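# Structure assessment
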Amino acid sequence: MKNLGTLILGILLGALLMYFYLNTSNTGEAVTAIIKPNGIITPTEAKLLDYTFDLRHKLVSDSIVKRPDNRSCWWSINDITNYLQYSKHKADSLGYAMNGLRVYLGAYPETKGLVGYTTMFMVPTGVKTQINKDAKFGPSKSNDLTQIGPLNMGSAGNPPNSNYPQ
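Residues numbered from 1 in each chain as written. Predicted model: local features only at pLDDT ≥ 70, side-chain atom pairs only at ≥ 80, totals over all residues. Heavy atoms only, no water.

This paragraph deals with the confidence of the model for the protein. The predicted coordinates ought not to be read in detail in places where the model reports low pLDDT. Residues of the protein with pLDDT of at least 70 account for 76%, and the chain-wide mean is 79. At the level of individual helices and strands, the protein shows its lowest average pLDDT in strand β5 (residues 135-137), which scores 53, and its highest in helix α3 (residues 77-93), which scores 94. (pLDDT = per-residue confidence, 0-100. Helix = DSSP H or I, 4+ residues; strand = E, 2+ residues; numbered from the N terminus.)

Take a look at the structure:
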């Protein structure tokens, strides 16, 4: 009976060790499920959106900017990850539940007689929270969290007026 108990204990420990071994990456971090986000489109759909915008963009570039304008903006994964962590932390400290990002188009001011390039910037969005017995309540509308600085200063397209894909 004593050997049977030891055998069962060994099998359980082995199974537990295998579970942790198989559920960690090479870096020792737990493997998380990959979930396809809502809103993923095909490259063909992206090309159509880009082409359709190009018709409007060309009108602005030809009549106002008078030179090829910026069409895209790029941020590193590191910058985006850091911005998300920073924004979530700031939102929590201000009493908000951050629930997303909103991207705005903008334009730099005129310098040396040239109209500034188009740019994009991200703003965290969320709702005000009120703690009531461990439950969070707030309006369902997602508002810009203007107390948290937006993320700008991504790299422009190369060249700036490049279309999708680059």
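The subject of this paragraph is the nonpolar core. Nonpolar side chains tend to gather and get buried jointly when the protein is soluble and globular. With 11 residues, the main nonpolar core is built from C73, W75, Y83, A91, Y96, M98, M120, M122, L145, I148 and L151. Broken down by secondary-structure element, the contributors of at least two residues to this core are α3, β2 (96-107) and β3 (118-128). (Core = buried A, V, L, I, M, F, W, Y, C linked by side-chain atoms within 4.5 Å. Buried < 20%, exposed > 50% of the residue type's maximum accessible area, 1.4 Å probe, protein only.)

Right, let's talk about α3 for a bit. Across its 17 residues, α3 extends 24 Å between first and last C-alpha, which sits within 8% of the 24 Å expected from 1.5 Å per residue. Buried residues of α3: Y83, S87 and A91, and no others. Looking straight down α3, one finds that the buried residues subtend no more than 60° of arc, so they occupy a single side. Opposite its buried face, α3 presents the exposed residues I77, Q85, H89, D92 and S93, each directed more than 90 degrees away. Lining the buried residues of α3 we find β2 and β3. Trailing α3 by a residue or two, G95 shows a phi angle of about 85°, which is positive. (Expected span 1.5 Å × (residues − 1). Arc of directions from axis to C-beta. Contact = heavy atoms within 4.5 Å.)

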